[in-house]
Amino acid sequence: MLVSAKEMMEKARDGKYAVGQFNINNLEWTKAILMTAQELQSPVILGVSEGAGKYMTGFKTVAAMVSAMIDELKITVPVALHLDHGTYEGCYKCIEAGFSSIMFDGSHYPIEENIEKTKELVRVCAEKGMSLEAEVGSIGGEEDGVIGKGECADPDECKMIADLGVDMLAAGIGNIHGKYPANWEGLSFETLAAVKEKTGDMPLVLHGGTGIPEDMIKKAISLGVAKINVNTECQLSFAAATRKYVEAGKDLQGKGFDPRKLLAPGFAAICDTVKEKMELFGSVGKA
Ligand code: 13P
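Quick caveat, the model's predicted, so the values are computed rather than measured. (Residues numbered from 1 in each chain as written. Predicted model: local features only at pLDDT ≥ 70, side-chain atom pairs only at ≥ 80, totals over all residues. Heavy atoms only, no water.)

A.B. asks: Which residues make up empty space enclosed by the protein, and what values go with them?
C.D. replies: The full count for this structure, using the stated rule, is 1 cavity of 30 Å³ or more. Quantified by volume, the largest cavity comes out at close to 40 Å³. Taken together, Leu169, Ala171, Ile173, Leu192, Leu204, Val205, Leu206 and Val225 make up the full set of residues lining the largest cavity. Considering every element that reaches the lining of the largest cavity, the biggest residue donor is strand 9 (residues 204–206), with 3 residues. Looking at the lining of the largest cavity residue by residue, the classes come out as 8 nonpolar, no polar and no charged. (1 Å grid on protein atoms, 1.4 Å probe; cavity = no way out; pocket = protein on both sides within 12 Å on 5 of 7 lines; lining within 4 Å. Points joined across faces, edges and corners; volume = space filled by probe spheres on them. Helix = DSSP H or I, 4+ residues; strand = E, 2+ residues; numbered from the N terminus. Nonpolar A, V, L, I, M, F, W, Y, C, P; charged D, E, K, R; others polar.)

A.B. asks: Break down the packing of aromatic side chains for me, citing the residues and quoting the values.
C.D. replies: Across all of its chains, the model carries 6 aromatic pairs by this definition. A ring pair is formed by Tyr88 and Tyr92, whose centres lie 5.4 Å apart and whose planes are at 75°; its orientation type is edge-to-face. Pair noted here: Tyr88 and Tyr92 are both in helix 5 (residues 88–97), with a separation of 4 residues, about one helical turn. Here Tyr88 falls in the partly exposed class, since its relative accessible area comes to 21%. Assessed through its relative accessible area of 28%, Tyr92 is described here as partly exposed. Between Tyr88 and Phe104, the ring centres sit 6.5 Å apart and the planes meet at 75°, which makes this aromatic pair edge-to-face. (Phe/Tyr/Trp six-rings, centres within 6.5 Å; stacked < 30°, edge-to-face > 60°. Buried < 20%, exposed > 50% of the residue type's maximum accessible area, 1.4 Å probe, protein only.)

A.B. asks: Which residues make up the pattern of salt bridges, and what values do they have?
C.D. replies: Side-chain pairs of opposite charge can arise whenever the charged atoms involved come near each other. Scanning the model with the defined rule gives 12 salt bridges in all. Glu7 is the partner of Lys11 in a salt bridge, and the nearest nitrogen-oxygen pair spans 3.3 Å. Note that Lys11 and Glu7 are positioned in helix 1 (residues 6–15) at a spacing of 4 residues, about one turn of the helix. The exposure class assigned to Lys11 is partly exposed, which follows from its relative accessible area of 45%. (Salt bridge = Lys/Arg side-chain N within 4 Å of Asp/Glu carboxyl O.)

A.B. asks: Any chance you could break down the pairing of strand 4 (residues 101–104) for me, citing the residues and the numbers?
C.D. replies: The two faces of strand 4 match: Ser101 and Met103 on one face and Ile102 and Phe104 on the other face are all buried. As paired strands, strand 3 (residues 79–86) and strand 4 are joined by 3 bridges and run parallel to one another. By the bridge assignment for strand 4, His82 is matched with Ser101. Handedness of the β-α-β unit built from strand 3, helix 5 and strand 4 comes out right-handed. Sheet topology note: the strand 4/strand 5 (residues 131–136) ladder contains 4 bridges and is parallel. Following the sheet pairing, Ile102 is matched in strand 5 by Leu132. Assessed by its sense of winding, the connection that carries the chain from strand 4 through helix 6 (residues 111–128) to strand 5 is right-handed. (Pairing = 2+ DSSP bridges. Right-handed = clockwise from strand over helix to strand, strands pointing away.)

See below:
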């Protein structure tokens, strides 16, 4: 059964670990992440960007696929199905489609409008028993057409949004979607500490989990990060494993072209990446 991410977040915050949000793109992605979470007895959040939702034919298809998979794979660990960087309209579509959690990314609105829209969604999500993530400051880079300048969040604005009663808060701290450039200055722990100071118990979310060095991940968790988003890294490992299979000519041998064979190395690579991240984030055995 799908659950809200609220309880997962509170337990992670109190236990000083982070729950991974892994973005999904198709059936293989979803199955790989769910099976790894079950094997490691870890709670997990499946992230769906609006672009990926569209690619999978729509949010209703996604919700139906994930719910049926949880049932047929006998997944017993807590799983939240979460809209990633949702627009205001996208949030309502996911609420209707049966998601258990949403992110409203109002970071590009003036703060007053971000507050107003987030406040309304806090009320709607509470009625439905869903969890809500909000954003202040922006995550740099581009993800599925969502482009951010990467400015660090204003801790006072974070407090205003946290006080509305959201379940988790994404604050820009110099993190970037996609690969980090060679001249990246690293996470701003100064900003993170200031946000934590202002927002108290609020579970914080670190986007752009791909490529952040281990020591920075650990420090971020120690400063209140309870959810870490990973997307690009699974895409890179899937692509590399698939490339290796094709370059070795395995698709041309016997029935190597069968999609169940062709996609198997990429599937296994996603499992390995998710496992590595869950171990690093400390969520193994926390289901
Ligand atoms: P990466 O693609 O950099 O891992 O970021 C994922 C993310 O933050 C999803 O919102």
